[in-house]
Amino acid sequence: MRPTALATLTLSLSLLLAPILTLAANTNLTPNDIAWLRRDSFGLNTTMVAQYRALGRNTLLAKQLNDQLADTLPTPIAAQIDSYDAFHTPLDQLLTSLQQEQQQLRNMPDGPEKQAANKAIQQRGNQIGLQAQQAELLHAIYGQNQLKEQLVWFWLNHFSVYAPKGRVRWELADYENTIRTHALGKFRDLVMATLQSPAMLEFLDNAQNAKGHVNENYARELMELHTLGVNAGYTQQDVQQLALILTGVGIAPVDGKPENFNPKMASLVVRDGLFEFNPQRHDFSDKQLLGKPIKGSGFDEVQQAVDLIVKQPACAQFISRKLAAYFVADNPPPALINKMARTFQRTDGDIAQVMRVMFQSPELLTGAGKKFKDPAQFIVSSVRLAYDGSPIVNALPLVNWLNQLDQPLFGRITPDGWPLDSDAWSSSGQMAKRFDIAHAIGTGNNQLFTPDGSTARTAGFPMLTTRLYYDAIDPYLSKATRDALAKATSQQEWNTFLLSSPDLNYR
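Here is what the cut-offs are and how they apply
- Residues numbered from 1 in each chain as written.
- Predicted model: local features only at pLDDT ≥ 70, side-chain atom pairs only at ≥ 80, totals over all residues.
- Heavy atoms only, no water.
- Helix = DSSP H or I, 4+ residues; strand = E, 2+ residues; numbered from the N terminus.
- Rg over C-alpha atoms; globule rule 2.2 N^0.38 Å.
- Buried < 20%, exposed > 50% of the residue type's maximum accessible area, 1.4 Å probe, protein only.
- Contact = heavy atoms within 4.5 Å.
- Core = buried A, V, L, I, M, F, W, Y, C linked by side-chain atoms within 4.5 Å.
- Salt bridge = Lys/Arg side-chain N within 4 Å of Asp/Glu carboxyl O.
- Pairing = 2+ DSSP bridges.
- Axes fitted to C-alpha atoms, helices over the stretch in contact; angles between N-to-C directions.
- Expected span 1.5 Å × (residues − 1).
- Polar contact = N/O pair within 3.5 Å; in protein donor to acceptor, adjacent residues only side chain to side chain.
- Parallel < 35°, antiparallel > 145°, perpendicular 65-115°, else oblique.
- Nonpolar A, V, L, I, M, F, W, Y, C, P; charged D, E, K, R; others polar.
- pLDDT = per-residue confidence, 0-100.
- Phe/Tyr/Trp six-rings, centres within 6.5 Å; stacked < 30°, edge-to-face > 60°.
- Left-handed = near helix turned anticlockwise from the far one by under 90°.

Colleague: What exactly am I supposed to notice about the overall build of the protein here?
Modeller: Summing up its helical and strand segments, the protein has 27 helices and 5 strands in all. Relative to the 2.2 N^0.38 estimate, which gives 23 Å for 507 residues, the radius of gyration of the protein is 26 Å and therefore close to what a compact globule would have. The principal-axis extents of the C-alpha atoms in the protein amount to approximately 95 × 60 × 55 Å. Taking all 507 residues of the protein together, the buried fraction comes to 50%. Contacts in the protein between residues far apart in sequence, at least 24 positions, make up 71% of those at least 6 positions apart.

So, in structure tokens, the structure goes:
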């Protein structure tokens, strides 16, 4: 080849490779990068790190908050969730079937057959609820938008419902979809969506709230737990007035029989899926809420009340603090809370904008490595690291592990949700259980890759000493963890020591 031709080829190759070489030179992850990623996701895996390297922090954050990362799951995981009755059968059909079975049960004479039929209904409901638990854990592990997945989990806990109560277990999949749809939107829309959710209406009894038979449960928790917090300036009279505003807010019947509405009331009926505002059950008196008059007018009262509540400065502070307590620190810096609260008020409760302030703040990483993982974060991060995108076929062990760690999904009997602070999850008993779970994951003795009901042996143990480990974990391990790993006598034991180490129990 002639020199000039060689020079031309060399120049062309250098121009072609320049962007690649530049990217490669800038892909070393700093401690700051790792700390940020561990707050931005449930836990590191190869896809998350590659995503970060390809897009950079600011672009990745923007795409996450704008919901521009596909919600698609790996095909086998999506197929697994789609196979669940809880997700491929519409809620109205599930509840209609349940109602028919309950009616048949009532018509049966007492005896063994009736007991067996009742047991079958209970088992069916438990299975529907179990499917919703499995699906949420699979989304947390495999969802591409990890920041959104954490928010979905946060909001499910913030707007907590209890599966064993009434028909709630049948309604959980619908509730998950409701939260997921609004996780990054306006807080006001999220409150309205949960307010109209059958799961919330049944759990906090507003489905029974009617004129002359007022139930204050939901009204109280809507202000105390969902929006304003305690000591936010509202009174018992405000709770009573809100309860009156919420009369008639309930669930449409699923028996197929037409409802007979007074002609004067028919135009005031509001239906959206299974949600129904029944004006014949509503108290149309004028109300006074948080010092503001609300004229008796029907469902518009509910919208006015929610607008008024979420615009209170106390709401901006309460929600900002809870978000910061989940993502940043048990006792988040007041300056950060105030910045988030100002953004909340300025943007009319735009969740994505509030999250942007938090994830671009220096306070996010001030306590890096000091925020103790709750059980869900521990389990999800461990599986993400150990199996690194490999699709599991059986999510039941995930549910069982959460139960063992005393944080069952949809299992909090009180409406306040599971605690967010480290003290709730760092007892010696908790740590012993975490070691057992780390051992199950690290040795492969966990049934994650064995179909439910199969007797086939599970897959082998995971290999944690991957490129991901050497790039993103090994450089930042503490001396204590390194010393423990050096004493491991097998790869399985090494895996167990790593997953149960303090380094991987904090983020």
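Having put the structure on the table, let's press on.
Colleague: Sorry, what's going on with the nonpolar core here?
Modeller: Buried together is how nonpolar side chains tend to be arranged in soluble globular proteins. Residues Trp155, Phe187, Leu323 and Met358 are the most contacted members of the largest nonpolar core, which totals 143 residues. Top element by residues in this core is helix H8 (residues 112-142). It accounts for 9 residues. In this structure Trp155 touches Ile179, Ala183, Phe187, Leu190, Ile319, Leu323 and Ile351, once residues within four positions along its chain are discounted.

Colleague: I keep staring at the pattern of salt bridges and nothing clicks. Help me out?
Modeller: When their charged atoms lie close together, side chains carrying opposite charge are able to pair. Under the counting rule described, the total for this entry stands at 23 salt bridges. With its nearest N and O atoms 3.5 Å apart, the salt bridge here joins Glu259 to Arg271. On the criterion of sequence distance, the pair formed by Glu259 in the loop between strand S1 (249-251) and helix H15 (263-266) and Arg271 in strand S2 (residues 270-272) is long-range, its members being 12 residues apart. When its relative accessible area of 28% is taken as the criterion, Glu259 is described as partly exposed. Given a relative accessible area of 46%, Arg271 falls into the partly exposed group.

Colleague: Can you walk me through the sheet that holds strand S3 (residues 275-277) in this structure?
Modeller: Strands in a sheet are paired, the pairing made by backbone hydrogen bonds, and the direction either parallel or antiparallel. As summarised here, the arrangement of the 3 strands in space is S1-S3-S2, forming an open sheet in which the pairing is antiparallel. The open sheet has two edge strands with one neighbour each: S1 and S2. Across the sheet, the mean angle separating the axes of adjacent strands is 25° when strand polarity is ignored. In this structure, S1 lies alongside S3, joined through 3 bridges in antiparallel fashion. Each residue of the ladder has a partner; that of Gly250, found in S3, is Glu276.

Colleague: Is there a simple way to think about helix H16 (residues 299-310) in this case?
Modeller: End to end, H16 covers 17 Å across 12 residues, agreeing with the expected 16 Å (1.5 Å per residue, within 8%). By the burial criterion, the buried members of H16 are Phe299, Glu301, Val302, Ala305, Val306, Leu308, Ile309 and Val310.

Colleague: Sorry if this is basic, but what is going on with the side chain of Asn495 here?
Modeller: Among the structural elements, Asn495 can be located in helix H26 (residues 491-499). For Asn495, a relative accessible area of 0% gives the class buried. Side-chain polar atoms of Asn495 contact the backbone oxygen of Gly442, separated by 3.0 Å. Not counting chain neighbours up to four residues away, the residues in contact with Asn495 comprise Gly442, Phe461, Pro462 and Leu464.

Colleague: Hey, could you run me through the packing of helix H10 (residues 168-182) against helix H11 (residues 187-195) in this one?
Modeller: Pairs of packed helices are described in terms of their axes, by the angle between the two and the distance that separates them. Look at H10 against H11: their axes get within 9 Å of each other, and the N-to-C directions meet at 170°. Judged on the interaxial angle alone, H11 and H10 are roughly antiparallel. Residues Tyr175, Thr178, Ile179 and His182 of H10 form the contact with H11, whose participating residues are Asp189, Leu190, Ala193 and Thr194. Looking at the contact of H10 with H11 residue by residue, the class counts come to 4 nonpolar, 3 polar and 1 charged.

Colleague: Can you help me understand the confidence of the model for the protein in this one?
Modeller: Low pLDDT means the predicted coordinates in that region are not meant to be read closely. Looking at the protein, pLDDT values average 92 and 94% of them are 70 or higher. Low pLDDT, under 50, characterises residues 1-26; the stretch is placed with 3 contacts to residues that sit more than four places away or in other chains.

Colleague: Help me understand the packing of aromatic side chains, please; the structure alone is not making it clear to me.
Modeller: Counting across every chain of the model gives 18 aromatic pairs. Judged by centre distance (5.7 Å) and plane angle (55°), the rings of Phe275 and Phe299 are tilted. Residue Phe275 is found in strand S3, and its partner Phe299 is found in helix H16; the two are separated by 24 residues along the sequence. For the pair Phe275 and Phe299, one class covers both residues: buried. With a centroid separation of 6.1 Å and 65° between ring planes, the pair formed by Trp418 and Trp425 is classed as edge-to-face. What makes Trp425 buried here is its relative accessible area of 5%. Aromatic ring contacts, followed pair by pair, group Trp36, Tyr52, Phe154, Trp155, Phe159, Phe187, Tyr326, Phe327, Phe344 and Phe359 into a single cluster.

Colleague: How should the environment of Thr96 be read in this particular structure?
Modeller: Mapped onto the fold, Thr96 is located in helix H7 (residues 91-107). When its relative accessible area of 23% is taken as the criterion, Thr96 is described as partly exposed. For the pair Thr96 and Lys371, spaced 275 residues apart in sequence, the C-alpha separation works out to 45 Å. Within the local environment of Thr96, its side chain forms a polar contact with the backbone oxygen of Asp92, the two atoms lying 2.7 Å apart.

Colleague: Looking at this structure, how should I read the packing of helix H4 (residues 57-65) against helix H19 (residues 351-359)?
Modeller: Where H4 meets H19, the closest approach of the two axes is 10 Å, and the angle between their N-to-C directions is 155°. Accordingly, the angle class assigned to the pair H4 and H19 is roughly antiparallel. When you trace H4 past H19, the crossing you get is right-handed. For the pair H4 and H19, contact is made by Leu61, Ala62 and Leu65 and by Ala352, Met355, Arg356 and Phe359, respectively. Residue classes in the contact of H4 with H19 are distributed as 6 nonpolar, no polar and 1 charged.

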